Amino acid sequence: MIEYQNILDSINQSVIKEQNKGTIASYIPELTNVDINNFGIHLQLVSGEQFSVGNSHQLFSIQSISKVLSLALAMSQVGTAIWDRLDVEPSGNPFNHLSLLELEEGIPRNPFINSGAIVIADILVSNLENPKTDFLNYVRDITGDNSIDYNYKVAQSEKETGFNNYAAANLLKSFNNLNNDVEDVLDFYFHQCALEMTCQQLSKAFFLFANKGNCLANKARLTKSQAKRINAIMLTCGFYDEAGEFAFEVGLPGKSGVGGGIVALLPNQFVISVWSPGLNERGNSKLGMQALEQFTTLANQSIF
Ligand code: DON
């Protein structure tokens, strides 16, 4: 019997004492309206039990974590055809770098760097009848929670300062790897990133990746093989130029966002979500990384 609640409590006690909590992302101005002292963890076991500590019921901007959910919907809609338009290699670069995209003629390295997620957004805009509504309904469906919504102020804020993403989308367009209008694709992408969730909702949203493609209500939303592949991309590409460090320290597939959230999972065992809004130099939650390192060490559970 692993004493999960004791483990979460002791992580909380040790991590909230840290003086240096990192820096809140400010390139999306609306994200700065958050208290850096927030810290929460939610652990959802595949067997059904749940544990939490701290601000695990407070909403935050999931940002890039949403890229895993848009990939899942795109894979379930169009299958392996998406790999004609993007690759599955780690980039070793920050999430918003464009040099490789130009060098590799408009084929993004993976679906989690911004250019790759914009290609996925383009696929969803082509395939969904009402893209923003249908994507939101998909997220609500897999999570079993109709209260989940976009934060429209965050989406607008990112649109106003999203010059880098406009550059990525235009570069993709110039290489014929964007079928829809730049504005339509980015409008979808900015909303997708502006989804808000609590740690608890995030663990539930990612349940299907730990449960062979079956969501919390035990309905198949991905095939077992699709879940396996998405977990592999999370492991190798989920943390951009810090993916190696995350595998080394934590040893789980996972995904971060500049809102300070990190979700990670052990297939067939659990999903764990952490939120601490201060980021390290590489754009990943500083205390979130520390908390997950402590968790897999204390629980003695990781893929390695
Ligand atoms: O496109 C962006 O820059 C943001 N919407 C998402 C970036 C992000 O979360 C990177 N993750 N660590």
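Scroll up for the structure.
Reading the values: the criteria
Residues numbered from 1 in each chain as written. Predicted model: local features only at pLDDT ≥ 70, side-chain atom pairs only at ≥ 80, totals over all residues. Heavy atoms only, no water. Helix = DSSP H or I, 4+ residues; strand = E, 2+ residues; numbered from the N terminus. Rg over C-alpha atoms; globule rule 2.2 N^0.38 Å. Buried < 20%, exposed > 50% of the residue type's maximum accessible area, 1.4 Å probe, protein only. Areas by Shrake-Rupley, 256 points an atom, 1.4 Å probe, with all protein chains shown as cover. Expected span 1.5 Å × (residues − 1). Contact = heavy atoms within 4.5 Å. Near = heavy atom within 4 Å. Polar contact = N/O pair within 3.5 Å; in protein donor to acceptor, adjacent residues only side chain to side chain. Nonpolar A, V, L, I, M, F, W, Y, C, P; charged D, E, K, R; others polar. Phe/Tyr/Trp six-rings, centres within 6.5 Å; stacked < 30°, edge-to-face > 60°. Pairing = 2+ DSSP bridges. Axes fitted to C-alpha atoms, helices over the stretch in contact; angles between N-to-C directions. Core = buried A, V, L, I, M, F, W, Y, C linked by side-chain atoms within 4.5 Å. Salt bridge = Lys/Arg side-chain N within 4 Å of Asp/Glu carboxyl O.

**As for the overall build of the chain**
- A count of helices and strands for the chain gives 13 helices and 8 strands.
- Its C-alpha atoms give the chain a radius of gyration of 18 Å, near enough to 19 Å, the size a compact globule of 304 residues would have.
- Viewed in the frame of its principal axes, the chain has a C-alpha envelope of about 55 × 40 × 35 Å.
- Burial analysis of the chain (304 residues in total) assigns 58% to the buried set.
- Summed over its atoms, the accessible surface of the chain is roughly 12,100 Å², and 47% of this surface lies on carbon and sulfur atoms.

**Notes on helix H13 (residues 286-299)**
- Along its 14 residues, H13 runs 20 Å from first to last C-alpha, staying within 8% of the 20 Å computed at 1.5 Å per residue.
- With 10 of 14 residues buried, H13 lies mostly within the body of the structure.
- Along H13, the residues that are buried comprise Lys286, Leu287, Gly288, Met289, Ala291, Leu292, Gln294, Phe295, Thr296 and Ala299.
- Tucked into the core, H13 has its buried residues touching helix H1 (4-15), strand E1 (40-45), helix H12 (243-249), strand E7 (261-266) and strand E8 (270-275).
- Directly beyond the C-terminal end of H13, a positive phi value near 55° is found at asparagine 300.

**A few points about the site of the ligand**
- Around the ligand there are 14 residues in total, and Tyr27, Gln63, Ser64, Glu158 and Tyr189 lie nearest to it.
- The contact in question runs from an oxygen atom of the ligand to an N or O atom on the side chain of asparagine 114, over 3.1 Å.
- One of the side-chain nitrogen or oxygen atoms of glutamate 158 is found 2.8 Å away from a nitrogen atom of the ligand.
- For the ligand, whose unbound accessible area comes to 340 Å², protein coverage reaches 99%.
- Here the residues of the shell around the ligand sort into 6 nonpolar, 7 polar and 1 charged.

**Focus: the packing of aromatic side chains**
- Summed over the entire model, instances satisfying the criterion amount to 12 aromatic pairs.
- Where phenylalanine 60 meets tryptophan 275, the ring centres are 5.0 Å apart and the plane angle is 10°; that geometry is what we call stacked. Remark: tryptophan 275 occurs in strand E8 and phenylalanine 60 occurs in strand E3 (residues 60-61); sequence separation between them is 215 residues. Just as phenylalanine 60 is buried, tryptophan 275 falls in that class too.
- Relative to phenylalanine 295, the ring of phenylalanine 270 lies with its centre 5.4 Å away and its plane at 85°, an arrangement referred to as edge-to-face. Here phenylalanine 270, found in strand E8, pairs with phenylalanine 295, found in helix H13; they are 25 residues apart in sequence, far enough to count as distant.
- Since its relative accessible area comes to 0%, phenylalanine 270 is described here as buried.
- Members of the aromatic cluster, each reached through a chain of ring pairs, are Tyr4, Phe51, Phe270 and Phe295.

**Some remarks on the sheet that holds strand E2 (residues 50-54)**
- Read from one edge of the open sheet, 5 strands run E2-E1-E8-E7-E6, paired in antiparallel fashion. The open sheet has two free edges, formed respectively by E2 and strand E6 (254-256), since each of these has just one partner strand. Neighbour-to-neighbour, the strand axes of this sheet turn through a mean angle of 5°, independent of strand direction.
- Where E1 meets E8, 6 bridges bridge the pair, whose relative direction is antiparallel. Bridged to leucine 45 within E8 is phenylalanine 270.
- The strands that H1 touches are E1, E2 and E8; relative to E2, the one it contacts most, it runs at about 20°.

**Description of the sheet that holds E3**
- In space, the 3 strands of this open sheet follow the order E3-E5-E4, with antiparallel pairing throughout. The open sheet terminates on both sides in strands that have one partner only, identified here as E3 and strand E4 (149-150).
- Here E4 pairs with strand E5 (residues 195-197) via 2 bridges, running antiparallel. Across the sheet, residue tyrosine 150 finds its bridge partner in E5, namely leucine 195.

**Re the nonpolar core**
- The biggest cluster of nonpolar side chains holds 63 residues, and the ones touching the most others in it are Phe135, Phe206 and Phe209.
- Top element by residues in this core is helix H4 (residues 114-127). It accounts for 8 residues.
- Each residue touching phenylalanine 209, except ones within four places of it in the same chain, is listed here: Val68, Leu69, Ala72, Leu222, Ile230, Asn231, Met234 and Leu265.
- Judged by nonpolar contacts, the second largest core, of 28 residues, contains Leu8, Phe246, Leu252 and Leu287.

**Quick notes on the pattern of salt bridges**
- As enumerated under the stated definition, the model contains 7 salt bridges in all.
- The partner of arginine 140 in a salt bridge is aspartate 149, with the nearest N and O atoms 4.0 Å apart.
- Between aspartate 187 and lysine 159 there is a salt bridge; the shortest N-O distance is 3.4 Å. Placement of aspartate 187 in helix H8 (residues 182-193) and of lysine 159 in helix H6 (residues 152-161) is noted, with a sequence separation of 28 residues between them.
- Salt bridges here are not isolated pairs; linked through shared partners, they connect Lys132, Lys159 and Asp187.

**Regarding helix H2 (residues 66-78)**
- Taking 1.5 Å per residue, 13 residues should reach 18 Å; H2 reaches 18 Å between its end C-alpha atoms and fits that length.
- Of all the 13 residues making up H2, 10 are buried; the element is thus mostly covered by neighbouring parts of the structure.
- Looking one or two residues beyond H2, the residue adopting positive phi is glycine 79, at roughly 65°.

Everything listed here is a matter of coordinates, which is why it stays silent on function.
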